[in-house]
Amino acid sequence: MNVASFLIRNPRQKREDLGDYVLRVVLESLQEKNASVRAELVDEALSFYRGRIVDSVEEAAEERAGSEKRRLEAQLAELKARHQTLEATHQRLVTSYPTSVPVREAEEARLGAYRLARERAALLAEYPPGTPTMMSEDIREKVKDPKPKWSK
């Protein structure tokens, strides 16, 4: 069916709803005296209507897909920008970190961790918590600091 020729033979009025337009064309077609021509005209009008409905549904689906695609593209662009920002921050931090630790700092950190572990063990030996016991006092007094590992 040729849509253009159908619309030329049956002009659509301004602001006429598609359903009303097809109903008007069908009613006009039913006034035809020849039954085979009448059936052909009604079939052509209904075919036109089906085509318009299919086009409308396809357009709506394409519009939804397009808006979803635009939303996802915007979200992707935002995530890429955020990734670049984080990547730049990571690079800056990597370049600012020292590649080695001075021996004095390493020894102080090792000693601090040891003292913290010793105090934690003493606290766990106290009962009730916060009340010193013989065992907690022994831990504090008899467990000595370690010898330096990297320095003399």
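Residues numbered from 1 in each chain as written. Predicted model: local features only at pLDDT ≥ 70, side-chain atom pairs only at ≥ 80, totals over all residues. Heavy atoms only, no water.

A. Region of interest: the overall build of the chain. Each helix and strand in the chain was counted, giving 5 helices and 0 strands. Beginning at the N terminus, the succession of helices and strands in the chain can be written as α-α-α-α-α. The C-alpha radius of gyration of the chain comes to 43 Å, more than 25% above the 15 Å expected for a compact globule of 152 residues. Over its C-alpha atoms, taken along the principal directions, the chain stretches across nearly 120 × 45 × 25 Å. Each of the 152 residues in the chain was classed as buried or not, and the buried ones make up 14%. A fraction of 50% describes how many contacts in the chain between residues 6 or more apart in sequence connect residues 24 or more apart. Carbon and sulfur atoms make up 58% of the accessible area of the chain, which totals about 12600 Å². (Helix = DSSP H or I, 4+ residues; strand = E, 2+ residues; numbered from the N terminus. Rg over C-alpha atoms; globule rule 2.2 N^0.38 Å. Buried < 20%, exposed > 50% of the residue type's maximum accessible area, 1.4 Å probe, protein only. Contact = heavy atoms within 4.5 Å. Areas by Shrake-Rupley, 256 points an atom, 1.4 Å probe, with all protein chains shown as cover.)

B. Examining the confidence of the model for the chain more closely. Averaged over all residues, the pLDDT of the chain equals 87, while 99% of them reach at least 70. When the elements of the chain are averaged for pLDDT, helix H1 (residues 3-9) gives the smallest value, 74, and helix H5 (residues 134-142) the largest, 94. (pLDDT = per-residue confidence, 0-100.)

C. Local environment of the side chain of Asn10. Here Asn10 shows up in the loop between H1 and helix H2 (18-29). Those residues in contact with Asn10, other than ones at most four positions away along the chain, are Tyr21 and Val25.

D. Representation of the environment of Lys144. Topologically, Lys144 is positioned in the segment after H5. On the basis of relative accessibility, which here comes to 57%, the residue Lys144 falls in the exposed class. Expressed as a C-alpha distance, the spacing of Lys144 and Arg118, which sit 26 residues apart in the sequence, is 9.1 Å. Once you skip the residues sitting within four places of it in the chain, Lys144 turns out to touch Tyr114 and Arg118. Among the polar contacts made by the side chain of Lys144, one reaches the main-chain carbonyl oxygen of Glu141 at a distance of 2.7 Å. (Polar contact = N/O pair within 3.5 Å; in protein donor to acceptor, adjacent residues only side chain to side chain.)

E. Layout of the pattern of salt bridges. Tallied over the full model, the rule gives 10 salt bridges. In this structure, Glu28 and Arg24 form a salt bridge, with 3.2 Å as the shortest nitrogen-oxygen distance. One end of the pair is Glu28 and the other is Arg24, both in helix H2 and 4 residues apart, which spans about a single turn. For the salt bridge of Asp145 with Arg115, the shortest nitrogen-to-oxygen distance reads 3.0 Å. Residue Asp145 is found in the segment after H5, and its partner Arg115 is found in helix H4 (residues 103-125); the two are separated by 30 residues along the sequence. We classify Asp145 as partly exposed; its relative accessible area is 33%. Judged by its relative accessible area of 40%, Arg115 is partly exposed. (Salt bridge = Lys/Arg side-chain N within 4 Å of Asp/Glu carboxyl O.)

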